[in-house]
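# Geometric and topological summary
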Amino acid sequence: MLCPFCHTPDTRVIDSRLVDEDNQVRRRRECATCAERFTTYETAELMLPQIIKRDQRRSLFDGQKLRIGMMKALEKRPVSADQLETAITHITHKLRASGEREISSSQLGEWVMEELRQLDAVAYVRFASVYRSFEGIDAFSDVIKKLEETTHE
């Protein structure tokens, strides 16, 4: 690792710690030449699968787009930012764990609905109404009935 102060390649690690739910390593380093200390962070770069849209176009997974969509569904609902981030982490983990190079947007949508159902029933129905393109009141009542059935089990 190059020293950011004197640009010498001779640095040594003096401390390492896991941070960010053990997904990142924080290292304190010291330059052998100028004795300056600095911190580096290491994260594994794992490729997420491409998303296959309904019209068969492919696009890279966009975590920000996922976050915005879920935030719209959760707008004015009693769900904390930490709960939202945990749900996004679960979905991202499922994407990585799938081992696939491509995943359909319908599979991703089902995972989002699964997380939203656990967080907030209203957000779940909101997201489902857009995701499944509800045409009328019957579609809403069907989803609400199914949600009530799974909640009372």
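Analysis parameters
Residues numbered from 1 in each chain as written. Predicted model: local features only at pLDDT ≥ 70, side-chain atom pairs only at ≥ 80, totals over all residues. Heavy atoms only, no water. Core = buried A, V, L, I, M, F, W, Y, C linked by side-chain atoms within 4.5 Å. Buried < 20%, exposed > 50% of the residue type's maximum accessible area, 1.4 Å probe, protein only. Helix = DSSP H or I, 4+ residues; strand = E, 2+ residues; numbered from the N terminus. Pairing = 2+ DSSP bridges. Axes fitted to C-alpha atoms, helices over the stretch in contact; angles between N-to-C directions. Contact = heavy atoms within 4.5 Å. pLDDT = per-residue confidence, 0-100.

What follows covers the nonpolar core. Met70 and Leu116 are the most contacted members of the largest nonpolar core, which has 26 residues in total. Those elements giving two or more residues to this core turn out to be helix 1 (63–73), helix 2 (81–97), helix 3 (105–119), helix 4 (121–131) and helix 5 (137–152). A total of 6 residues in this core trace back to one element, the largest contributor, which is helix 4.

Let's shift gears to the sheet that holds strand 6 (residues 102–104). Strand order in the open sheet formed by 3 strands is 5-4-6, with mixed pairing between adjacent strands. Because the sheet does not close on itself, it has two edges, and the strands there are strand 5 (58–60) and strand 6. Each neighbouring strand pair of the sheet contributes to a mean axis angle of 35°, computed without reference to strand direction. Of the pairings in the sheet, the one linking strand 4 (residues 50–52) to strand 5 comprises 3 bridges and is antiparallel in character. The residue bridging Ile52 from the neighbouring strand is Arg58, located in strand 5. Sitting on the sheet, helix 3 is in contact with strand 4 and strand 6, with an inclination near 70° to strand 6.

Of all residues in the protein chain, 94% have pLDDT values of 70 or greater, and the mean over the chain is 87. Per-element confidence in the protein chain is highest for strand 4, whose mean pLDDT is 94, and lowest for helix 5, whose mean pLDDT is 73.

Phi is positive for Ala35, which is not a glycine, with a value near 65°. Positive phi is not limited to glycine here, since Gln56 has a value of about 75°. Structurally, Gln56 can be placed in the loop between strand 4 and strand 5. With a relative accessible area of 52%, Gln56 lands in the exposed category.

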